[in-house]
Amino acid sequence: MKRAFTMSVAALSLWMAGAAAVQAGPKTVSGPGADPGCFAPWNDQIKYFQWDKREGPHKIAVVNGFVGNTWRIQMIQTAKAYVEQADVAAQIEEFKAVSTGTDVAAQLGAIEDFINQGYDAIITIAVSPEGFDRVIRLADRNDVVVVPFDNVLDTDKVMQVNEDQLEMGRMYGRWLTEQLGAKKSGKILEVRGLQGNSVDRDRHIGFREVFEPTGDWEIVEVIGNWDDGTAQKVTADAIAVHGKFDAVVVQGGTTGAVRAMLDAGHPMVPIAGESENGFRKLLAAHSADGLKGISIGQSPGMVAIAIKAALAALDGNKMPQLISVPIPYARYDELEAGKNYWPDLTDNFFTVNEFPPCGVNITAREIMAKDAENTQ
């Protein structure tokens with residue numbers, strides 16, 4: 001015998017409220033989105049999100065993971081400088097930045113904590129491209145805008161900001177192929193980044209996709225963690241073991257890698273690297289000696305674009321699910337002191353922090369005045 005199911009009005013109301021909460025979060029809408037010059041969709045297949053407009057000022061947090069290299073330090077400094085610019089500060093009630101290390105659980109816990117504290121938006125560099133489903137659902141239930149950037153997630157459930165890391169790897173490959181010319185065999189040193197991150201994975205895949213088919217190459221991989229000191233050590237060790245390389249690609253820590261080559265008396269060979277000021281200074285100083293390189297920038301200033309995107313979403317604007325930031329670069333013969341590198345700034349300063357289409361310009365003085373400590 002079937003038993004009739006009954007539900008009180010109060011229980012039904014609670015159930016309906018819970019169901020509505022589960023379905024909270026952004027609506028999927030048609031484009032175009034707000035300010036396409038700044039918030040450019042990745043491609044014409046990207047969907048658009050729209051959150052309900054929320055009155056400001058807002059509570060914003062940056063939840064970083066790893067902070068053991070200069071790029072991450074400058075990113076935190078840039079975020080702190082950006083939110084103090086007058087037009088941005090007027091939109092923010094409270095700002096915090098924390099770095100949780102390389103443990104995924106610690107980062108997820110920090111994001112959950114900020115959601116539960118009532119923060120309106122959380123900007124993050126994901127420790128892993130996977131494992132964030134739970135916090136995404138929690139953010140949606142609480143109408144919190146989560147914006148991964150740089151190391152993004154393998155999902156289309158959140159708005160994300162990035163440069164095309166696969167394309168950056170392909171740019172490495174095309175540059176080295178062009179410089180090597182008729183040479184179709186030899187040894188290549190590949191200095192990779194922090195393992196387990198989507199950026200390291202995608203740059204590596206893009207580089208191999210373009211470069212491997214061009215010849216019979218022996219590619220030696222080492223792990224530099226995007227850090228000058230680490231990259232210098234592993235490059236020196238690789239030279240000691242393998243001898244001469246015909247070309248070098250460095251995801252980050254390029255200044256250290258070049259110094260290791262100079263210290264070892266390694267012949268000048270083509271190098272594809274990052275946008276560190278030190279790398280560009282070395283290119284400028286040694287290009288007449290035959291050092292040829294391309295310096296491709298993954299700017300720490302992307303954190304400002306991610307914050308700007310979060311604020312635009314909180315204003316109820318339509319936003320692309322995946323926002324594409326152009327990839328800036330300079331070749332060894334295009335370097336100009338005071339324009340795309342700075343002889344009077346530290347080697348570990350990343351050179352690209354202006355985004356004219358977005359009206360974002362964080363000066364070196366603003367950035368260097370901040371620290372990378374967690375804010376309480």
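Conventions used here
- Residues numbered from 1 in each chain as written.
- Predicted model: local features only at pLDDT ≥ 70, side-chain atom pairs only at ≥ 80, totals over all residues.
- Heavy atoms only, no water.
- Pairing = 2+ DSSP bridges.
- Helix = DSSP H or I, 4+ residues; strand = E, 2+ residues; numbered from the N terminus.
- Right-handed = clockwise from strand over helix to strand, strands pointing away.
- Axes fitted to C-alpha atoms, helices over the stretch in contact; angles between N-to-C directions.
- Left-handed = near helix turned anticlockwise from the far one by under 90°.
- Contact = heavy atoms within 4.5 Å.
- Nonpolar A, V, L, I, M, F, W, Y, C, P; charged D, E, K, R; others polar.
- Salt bridge = Lys/Arg side-chain N within 4 Å of Asp/Glu carboxyl O.
- Buried < 20%, exposed > 50% of the residue type's maximum accessible area, 1.4 Å probe, protein only.
- Expected span 1.5 Å × (residues − 1).
- Arc of directions from axis to C-beta.

1. A word on the pairing of strand S9 (residues 185–192)
Inference 1: Here S9 runs beside strand S10 (residues 216–223); their pairing, made up of 8 bridges, is parallel. Across the sheet, Ser185 pairs through a bridge with Asp216, a residue of S10.
Inference 2: Considered for its hand, the β-α-β crossover made up of S9, helix H7 (residues 198–211) and S10 is right-handed.
Inference 3: Taken together, the 4 bridges between S9 and strand S11 (residues 247–250) define a ladder with parallel strand orientation. Within S11, the position partnered with Glu190 by the bridge is Val249.

2. Observations concerning the sheet that holds S9
Inference 1: Ordered in space as S10-S9-S11-S12-S13-S16, the 6 strands form an open sheet in which the pairing is mixed. The open sheet terminates on both sides in strands that have one partner only, identified here as S10 and strand S16 (329–331). Going from strand to strand, the sheet's axes swing by 15° on average, the running direction of each strand aside.

3. What to know about the packing of helix H8 (residues 228–242) against helix H9 (residues 254–263)
Inference 1: At a closest axis distance of 7 Å, the pairing of H8 and H9 adopts a crossing angle of 35°. You can see that H8 and H9 cross each other, and the crossing is right-handed. Across from Asp228, Ala231, Gln232, Thr235, Ala236 and Ile239 in H8, the residues of H9 making contact are Thr254, Thr255, Gly256, Ala257, Arg259, Ala260, Met261 and Asp263.
Inference 2: By residue class, the composition of the contact of H8 with H9 is 6 nonpolar, 5 polar and 3 charged.

4. Things to note about the pattern of salt bridges
Inference 1: As enumerated under the stated definition, the model contains 27 salt bridges in all.
Inference 2: For Arg134, the salt bridge identified is with Glu112, shortest N-O distance 2.6 Å. Of the two residues, Arg134 is situated in helix H5 (residues 133–141) and Glu112 in helix H4 (residues 104–116); the sequence distance between them amounts to 22 residues.
Inference 3: What makes Arg134 partly exposed here is its relative accessible area of 48%.
Inference 4: The shortest N-O distance in the salt bridge between Glu221 and Arg208 comes to 2.9 Å. Of this pair, Glu221 sits in strand S10 while Arg208 sits in helix H7; the two residues are 13 residues apart in sequence, bridging distant segments of the chain.
Inference 5: Using a relative accessible area of 36% as the deciding quantity, one classes Glu221 as partly exposed.
Inference 6: Connected through salt bridges with shared partners, the residues Glu190, Arg192, Asp200, Arg208, Glu212 and Glu221 form a single ionic network.

5. Side note on H8
For the α-helix, the turn length of 3.6 residues means that residues three or four positions removed from each other point alike.
Inference 1: The end-to-end C-alpha distance of H8, which contains 15 residues, comes to 21 Å, matching closely the 21 Å that a straight helix rising 1.5 Å per residue would cover.
Inference 2: Where H8 is concerned, the buried positions are Asp228, Ala231, Val234, Thr235, Ala238 and Ile239. Each buried residue of H8 sits inside an arc of 140° when the element is viewed along its axis, so together they form one side. Exposed residues lying more than 90 degrees from the buried face of H8 are Lys233, Ala240 and Val241.

6. A look at the sheet that holds strand S8 (residues 160–162)
Inference 1: Pairing in this open sheet of 3 strands is mixed, and the strands run S2-S15-S8 from one edge to the other. Edge positions in the sheet fall to strand S2 (40–41) and S8, since each has one partner strand and no second.
Inference 2: Looking at chain direction, S2 and strand S15 (residues 322–324) are connected through 2 bridges and run antiparallel. Within S15, the position partnered with Pro41 by the bridge is Ile323.

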